[in-house]
Each structure stands twice: as structure tokens, then as C-alpha cells.
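Overview (structure and organization)
So the chains spell out like this:
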Amino acid sequence: MGVHKWSLVALVLLNLGVFLINGLSTHNASTRPAIVNIGAIFTFDSTIGKVAKVAIEEAVKDINANSTVLRGTKLRLEMRSSNCSGFLGMVGALQFMESDTIAIIGPQSSVVAHIISHVANELQVPLLSFAATDPTLSNLQFPYFVRTTQSDLYQMNAVAEIIDYYNWRDVIAIFIDDDYGRNGVLALDDALAAKRCKISYKVGIPPGPGFGRTEVMDILVKVALLESRVIVLHVYPDMGYLMFSVARYLGMMADGYVWIATDWLSSSLDSSLPLPLEKMENMQGVVALRQHTPDSVEKKAFTSKWSKLTGGSFGLNSYALYAYDTVWIIAHAIDAFFDQGGIVSFSNDSRLSSGGFADLHLDAMSIFNGGKLLLDNMWKSDFVGLTGHIKFDSDRNLVNPAYDIINIIGTGIRTVGYWSNGSGLSTLTPENLYSKQVNRSSANQELHSIIWPGEVVTKPRGWVFPNNGKLLKIAVPLRVSYKEFVSQLPGTNMSKGFCIDVFVAAVNLLPYAVPYQFIPFGNGKENPSYTELVRLISTGVFDGAVGDIAIVTNRTKIVDFTQPYAASGLVVVAPFKKMNTGAWAFLRPFSPTLWAVTAAFFLVVGIVVWILEHRINDDFRGTPKRQVITILWFSLSTLFFAHRENTASTLGRIVLLIWLFVVLIINSSYTASLTSILTVQQLSSPVKGINSLKKTNDRIGYQVGSFAERYLLEIGIPQSRLVALGTPDAYTDALRKGSKNGGVAAIVDERPYIELFLSNQCTFRVVGTEFTKSGWGFAFPRDSPLSVDLSTAILTLSENGDLQRIHDKWLIRSGCSTDNSELESDRLHLKSFWGLFLICGVACFIAIFIYFCQVFRRFRNVARSTVDSDGSRSRRLQTLLSIIDEKKDPRDKKRQKVERSISDESKDCETGHDSEQR
């Protein structure tokens, strides 16, 4: 009875579930209306608007004709023109709210999109724009705004990578001064900064018809006077064509200029049939970007019927494809919306009726209750359209952003490469690189050759010196010492010296004129601070600096240097004295430690050989006195390879062989060092180098204005020990006085100065080695193209020998003759021979170890075979000592072997005799 009851309950529940499921399905099917309203608002007669209108209408027709898309529901499209007016666009959007519109396509203008997005947010109606590329149209601010095209954030990244690819550093940006142009150029500025490039000049053009040819000419005349020759044009088509026309009239479409146009140009050209010949002539050599859409069967089919749709009046551009796909995004989202039980319903906004707006009759507008659900389905779009894969990433931008890079040549355009967010610049289409692991390094970036303005294929330099008569202000240090490097001609603004001649020679090699003037820097009483000079370049006070300026780390952080034209580095110079050989000169080759260790090893090796030979070699036996003499004589005689004693044991011979090799090396080293001491004049100085200076409390001199002061402080030398010196005479006086008499123990300065100083000062020498490596270069502001070109010129001077000839002209001196004297060489120390002594010591230890193993084995056999009951410790020790001291004849083994052989033969003979008798 109980089982029957529960079966009946389960059957009832099952029937109820089936009923509910069928009812729900019937409800979903019934909630699909026959028609849903969508709106479109954009400028019909614009370059983008006229192609978008045709594409949107065709998309609605294709969707309504396909019963599998909306499954019984049709799209009703209502379009309004905003005429690029934000006010009209807002009015049109409000009108859509009166007709139960659930989605709005457009606008094409970023300016209008900013305004309408507020309406879309309030009324919760998704706003899908196929052409508003302003990167500041953020989904955080406008959650109901859906960008169905690429953001200018990616386009400006592509422009920045093109500029970096050709190593240009400064660009000029001309843009339309509205949300579209201004925010696009801000994105370009950020992208260039990431590449260590910059926009050196921005020109904003007010939107509207009031800006004509005269105003454009005024702008371009100013641009022509600037240094940069790379111009990025981010405007609307009408203004862009006017710009090119005026630029050609002013000669700014000639060799040396670079014009980069954003995708406004490609979209205008693609939709123009035929191409405007006059306009094409004004744009020869221009590089432009076009939104990349991969080739597909669907795209080719749509392209082939485009002429029928338009009657051949205008062509197809990428924005038409994005507009077509936008309608399909709405269709797929509506279908998913209905599948999820969504209902098209609206409710009145109470704020409009209670906020004092009754006179405006806004009560007809209502909030779309299903707007949030429909919007979520749009973000989940995932299908293949005419523009490729339609899908949104985590930032709600379309995936796989990419651009074609085109070059305008003759009467057509040529694709020279592609840019994609994943691979950068490439000559392969982006879709061929999606599945590959692409290296974004600069070495893998590639474009086909471009024909630039002026019909040249050589990459333009990208900058020139301005034509406004401004001379470069080149600072020259006003030195009071070492004027051979740089000095000012009395009574003039001209300078001379080694550094000046190198700069002038390098400038003469440049393929263009460099207008400049030398400006002295310093008070003329002491050498100026070179660090301060470099800082003034970074702040724009000077346009560069020429002189003996060391390239050091803290300076390279704020300015750019040319290729070094002179090697430099810090060295230590100190007084010296000549050393006499003296009666005890023969002890100087070795340090005391090396002498002690060598003597100890002579004694150790003698003792080891004596131990190994004592039992079997008569030369190492005798009275204790005789044995001690033998040890000492044998060990010392090996120094001259004159030992009389022969070694009989194998271990002894091995030890002696290794020791004789060590003696050979020591002898050779001693002979070479002593020869150098006795034949070469030795110079001695208490200062051995920078490390010995750090360990003392002596005062150290440095040149005023040099970076040596900062270096010495950084390595831990206190300021109280540093003495600033200004002239070579001050160097001489301070070194002669010494540290204890108010002078200095040594001077730390750059090698070129020290070489010039020592050319006529024969009582001082460089001690130790050069402890920093640097060079001298000419300084210019960061990213200055002049530093790159001058570096190439300096390398040319070095290769053709002119740099050496300039050096010989200014810096060769013969006042102090160079002899063969040298500062005292370091003695030979134990560290140079410890490996040899280690090998010898290990050999001695192993030999002694093997020897005593043999002795203890003999001792164990003797102790085992003895029958003596006295097993005391003293008795065992006496036995061990007797074994060590006993005489062992090396011929015993041979004699025993012969006797054993004779005994065996005798036994064989006896055995044979007995057999015969038997």
C-alpha cells in the first residue's frame, strides 16, 4: 500500500514537470514579438555615413530574410541623420525613445556619441557605434555604449610603432580640435612616450566650415619653420585634402617630409569611385592606415554585390563592413535575449514627471526594462562576420585589432605592411600570425619599401635645422688649465683646442649645414662644473656642449652623448724615487713569506726522502750526526741539481722528481726577477694605486670641475681628505709638498690630463692601473638627432685617420724624455707558487702514508709470529722502532727468489732418481 502511494506521488510530480516545461516553452515562444524596433542615427551624406546607410539597410534585409536568425521576429529599422550635430543627435535619440526602440546604431561622430551616450545610459538602451573611435568613450563612464569598430587607441599605437621603426624621435601632430581629434592625439602622445618619442608641436584646428585655405596656410608656414619633418594628420577628409593641397603649394610634399594620415584618408579613398586624380597628385608619398578586415568568402560576396547596391556611385570601405556586422550583433543578441525569457517592455521614468519637466512633454519617453539583459548578450557576441571574428575582450574592445599600412603612389595605393596588436609591424597578414608565437623585438618588425614624398625610396631623416634663423647655442667650457683641449680666443667669441677641432671636423662631414654659435661657460677664474653644464643642457638653456666632457652614468641619464672621440679614465699619479740595487738586492725577488715557505719545503722534502730511503739506501744511514748532515746537504743540493745521493725506492724517486720540477720553476722565476732588478732602473712609490690610497689617511688631489670628486666620495673616501686643484702648477706644488706638509700624496684625474701633465714633469708617474673606463663626447638634449649623426661623423674621422692627426697637433709633447725606467714591480709572492707547493706537499704526504702502511704491515706480521710472552707497550714500541731502523737489503728478494728456484730443481732431481731405482 505504501509503495503504491509513493508511485502515485512521483507520477503526479512528473506530469506536473512536463506541464511546466511545455508551458514555459509556449510562454517563450509567445513572448517573441513579430517586430522589434531598432534605430540608427548618423550623418547620411558624410564619407562614412553614405556607405553605412547602404550596409545597415542590407544587413536588416538579410536578417529578416533568414528565418533561422530571429525565428519569426522581424527587425524594423528607423534612421535619422544627425548632420554631425550633437544637439540634433540627442534630439533624434530622444525621439527613438518614444517608439519603443530597443537598440540604436550610431552615431559615427565621437562628439555626438559623447552626448547620446548619456541618453542611452539613462534610458538603458544599448548604443552601438560602428565609427566612433575616440578612445575616451569608456564603458566605465558609458556602460550602454558598445564600440563595434576599432578604438583609436590601437591606431595610435600603430602610428607610434611606424615612427619608432624608422627611428624618428620628434613628430608634429595636426588634428581636429574636438573629442575625436584631441583624444586621438592624446593617445598618440602616450604611445610615442612609451617608445621614447614625442610630439614636439601640436596644431589644433577648430571644427566647422570657418577654417579655410588662408588659415591652413598660416599653420603650415609655421610647421615648415620647425625642426621636425614627420607630420601626423588626424582630421576629417575635407580638411585633410585641403591640408595636402596647401602643403604641395608650399613645397612641403617634397623630399625630406614624412606625412602619416590616420584612417580618415583610406576610408575616403576607398569610398571614392573613381579616385580623384587632382587629390592624388597632392598626396604622393603619403603613408596612411586602414582598418584591416581579413579576406573571406562572405566578404568577397558582399563586395561583389556592392556596386549593385550603390549603383556604382561610391566604393566600399571598412566602416561599411563594421556597420553591417553591427546589425548582426544586435540580431544575435535579440535572439539570445528571447531565448532567456526576455520581454520587450518599457516603464516610465518617474524623475521626468516629478522633476518639473512637465512642460517639455517628456513623459512619452520610457526606460527599456530589458536593456541590461540585451546589453549583456551583446558583450557575449561570438561569431564570424564580414570584418572577421566578432568577439569582445575583457576591456570590451573587439579582439584582434589590426591595420593595413598603405602608401599612395601614382593613381593608386599600395599595401606596404600590416600592424596588429599581437605581432606589431609585419609584411604578413595578421590572421597568418595569430596562431604563431611572435617575437615583438625590433629585429622582427618589417615593412616593404615605401616611396616617400619627392619620389624617393631612401628613408627621410625626419628632421632639419629650423629655417627661422635660430642658431644652436653650443656651450664651451671656459677652462683655466689644460687649454690645449679647449680655450677661448682672446677678444672674440671663437674657441680653439683639440675638442673644438674634432667638433668642427665632424660637423663638416654632415650632409647638411649646422648653424651654431659657441657660448663660453664659466667665470674664467676656475674650471667650471661639467655636471652643472650638462644639467643646463637638459633644461634647455643650451642646445649642446662641446669640450672635454666625460661620459659618466649620472650625466647619461639626462642628456645624450655622441660616440666618444677620446678615451679616458681615472688614474693615480704620485711622486717616485729611484731605487739602488744595493748589497742585498739578491733578496728582493721573493717576498719574505715565499722565502720562508721555500726554505721549509727544502727541509721537509729532505726529511721525507730520508725516511723513504733510510732502510734500503746506505747513503742515508750512519750515525745520527751523519744522517742530519745528509738530510741538510741533500735538500739544499737539489737547488743546484748537484745531490750525490741516489734514491733507491720508488716512492723516493717520485717525490724527488716532483720536487726537482718545483725547484726548476723557482729557480727560473728567481733568475728572471733578479735580472730585471739588476738591469732595469727601478722606481719606487709609497702609493701603489687607488686601493692603497683608500687604506691610508693621506690627502688626495683632484681637478676642479672633474667628476673625480664624486667618484672618490662614492668609493668611501671622506671629503676632508680631498683637495681641489686648478692648474698643473698646483699639481706640482702639492705633490712635492706631500700630504704631511700641506700638499697631497697623490692626484686622481683623467688620463688625458695626466698624460699632458707628465709630458713635462719627470718626477711623477702613474701608479697602479686605470680604474675607470670612460670617454669624452659632445653632449646634446635627450633624443637629439644631431648626436646620432655626429657619432657617425666621429667614427668616420677615426677610420680615415683625421682624429689621430688632430690629437697629434694638440697633445703631442716632447719635454720629458721617456726612458726604460719603470715603477717598482711587485715582488714574487707565495700566491704565484702555492699550486706547485701544494702538489709537492700532497706527493710527500701520499708517499709517507704508503711507506708507513708497509711498515705497520711488517710490524703486525712480526708481532704475530713472535713467541715472546712479554707483550708490553714498551716492547711493542721497541719492535716498531727496530723495524723502522733495520737495514733492508734490496737484493734480499732477488736472492730469496734464486735460492727458491735452486731448491725446487734439487727436489725434482731427487724425485727422478728415486723413480729410476724403483
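The structure we're discussing is the one just above.
The structure reproduced in this document is the subject of the present report. (Residues numbered from 1 in each chain as written. Predicted model: local features only at pLDDT ≥ 70, side-chain atom pairs only at ≥ 80, totals over all residues. Heavy atoms only, no water.)

Before going further, it helps to examine the environment of Leu70. Mapped onto the secondary structure, Leu70 falls in the loop between α2 (47–65) and β2 (74–81). Residue Leu70 is classed as buried on the basis of its relative accessible area of 0%. Along the sequence, Leu70 and Ala331 sit 261 residues apart, while their C-alpha atoms lie 6.8 Å from each other. (Helix = DSSP H or I, 4+ residues; strand = E, 2+ residues; numbered from the N terminus. Buried < 20%, exposed > 50% of the residue type's maximum accessible area, 1.4 Å probe, protein only.)

Looking now at the sheet that holds strand β16 (residues 412–420). The pairing of strands in a sheet happens through backbone hydrogen bonds and is either parallel or antiparallel. With mixed pairing, eight strands are arranged side by side in an open sheet as β7-β6-β8-β9-β10-β15-β16-β17. For this open sheet the edge positions go to β7 (198–205) and β17 (424–426), each flanked by a neighbour on one side alone. Strand-to-strand twist in this sheet, taken as the mean axis angle between neighbours without regard to direction, amounts to 25°. Here strand β6 (residues 170–176) pairs with strand β8 (residues 230–234) via four bridges, running parallel. Within β8, the position partnered with Phe175 by the bridge is His234. (Pairing = 2+ DSSP bridges. Axes fitted to C-alpha atoms, helices over the stretch in contact; angles between N-to-C directions.)

Moving on, we get to the packing of aromatic side chains. Going through the model one piece at a time under the given rule, you end up with 38 aromatic pairs. Seen in terms of ring centroids, Phe485 and Trp776 are 5.0 Å apart; in terms of plane orientation they differ by 80°. Their pairing is edge-to-face. Residue Phe485 is found in the loop between β18 (472–477) and β19 (487–488), and its partner Trp776 is found in strand β32 (residues 774–776); the two are separated by 291 residues along the sequence. With relative accessibility at 0%, the residue Trp776 sits in the buried group. A network of ring pairs unites the aromatic residues Tyr482, Phe485, Tyr731, Tyr753, Phe757, Phe764 and Trp776 as a single cluster. When the ring centre of Phe44 is taken as reference, the NZ or CZ atom of Lys53 above it lies at 5.8 Å. Positioned above the aromatic ring of Tyr512, the side-chain terminus of Arg461 is 4.0 Å from the ring centre. (Phe/Tyr/Trp six-rings, centres within 6.5 Å; stacked < 30°, edge-to-face > 60°. Lys NZ or Arg CZ within 6 Å of the ring centre and 35° of its normal.)

A few words on the environment of Tyr249. Summarising the element assignment, Tyr249 is placed in helix α8 (residues 237–249). Take Tyr249: its relative accessible area is 59%, and that puts it in the exposed class. When the C-alpha atoms of Tyr249 and Met217 are compared, they prove to be 9.2 Å apart, with 32 residues separating the residues in sequence. In contact with Tyr249, not counting residues within four places along its chain, are Arg213 and Met217. (Contact = heavy atoms within 4.5 Å.)

Under the counting rule described, the total for this entry stands at 27 salt bridges. With a shortest N-O distance of 2.7 Å, Asp339 and Arg71 are connected by a salt bridge. Of this pair, Asp339 sits in helix α13 (residues 318–339) while Arg71 sits in the loop between α2 and β2, placing them 268 residues apart in sequence. Overall, the relative accessible area of 43% leaves Asp339 in the partly exposed class. One continuous salt-bridge network, built from bridges that share partners, spans Arg32, Arg71, Asp335 and Asp339. (Salt bridge = Lys/Arg side-chain N within 4 Å of Asp/Glu carboxyl O.)

Another aspect to go through is the packing of helix α16 (residues 498–508) against helix α26 (residues 785–800). For the pair α16 and α26, interaxial distance at closest approach is 9 Å and the crossing angle is 105°. Judged by the inter-axis angle, α16 sits roughly perpendicular to α26. Together, Val502, Phe503, Ala505, Ala506 and Val507 of α16 and Leu790, Ala793, Ile794 and Leu797 of α26 make up the contact between the two elements. When grouped by side-chain class, the residues that make up the contact of α16 with α26 number nine nonpolar, no polar and no charged. (Parallel < 35°, antiparallel > 145°, perpendicular 65-115°, else oblique. Nonpolar A, V, L, I, M, F, W, Y, C, P; charged D, E, K, R; others polar.)

A few words on the sheet that holds strand β28 (residues 700–703). The strand order across the open sheet built from five strands is β29-β28-β30-β25-β31, with neighbouring strands paired in mixed fashion. Of all strands in the sheet, those with a lone pairing partner are β29 (722–725) and β31 (764–767), marking the two edges. Across this sheet, the average inter-strand angle for adjacent strands is 35°, counted without regard to direction. Note that β28 and strand β30 (residues 746–750) share three bridges and pair parallel. Bridging from a neighbouring strand, Tyr702 pairs with Val748 of β30. Its contacts with the sheet put helix α25 (residues 751–758) on β25 (570–575), β28, β30 and β31, and the angle it makes with β30 is roughly 120°.

Bringing helix α15 (residues 371–379) into the picture now. For an α-helix the count is 3.6 residues per turn, leaving residues at separations of three or four pointing the same way. What α15 keeps buried is the set Gly371, Leu374, Leu375, Asn377, Met378 and Trp379. Residues of α15 that are buried sit in contact with β3 (101–105), β4 (127–129), β5 (145–147), α13 and β12 (366–368).

Another aspect to go through is unusual backbone geometry. In this structure, Pro107 follows Gly106 across a cis peptide bond, with omega equal to 0°. Mapped onto the elements of the fold, Pro107 is located in the loop between β3 and α4 (110–123). Residues other than glycine seldom take positive phi values, yet Arg71 does so here, at roughly 50°. Located in the positive-phi region is Glu455, a residue other than glycine, with phi close to 60°. For Glu455, the location among the structural elements is in the loop between β17 and β18.

Another point: the side chain of Ser495. Note on placement: Ser495 falls in strand β20 (residues 495–496). Take Ser495: its relative accessible area is 13%, and that puts it in the buried class. For Ser495, the contacting residues outside a window of four places in its chain are Val476, Ser487, Gln488, Leu489, Ile500 and Phe518.

With respect to the helices and strands, Phe44 occurs in the loop between β1 (35–42) and α2. Phe44 gets classed as partly exposed once you look at its relative accessible area, which sits at 24%. Sequence-wise, Phe44 and Arg80 are 36 residues apart; in three dimensions their C-alpha atoms are separated by 8.3 Å. What Phe44 contacts, discounting residues up to four positions off in sequence, is Gly49, Lys50, Lys53, Met79, Arg80 and Ser81.

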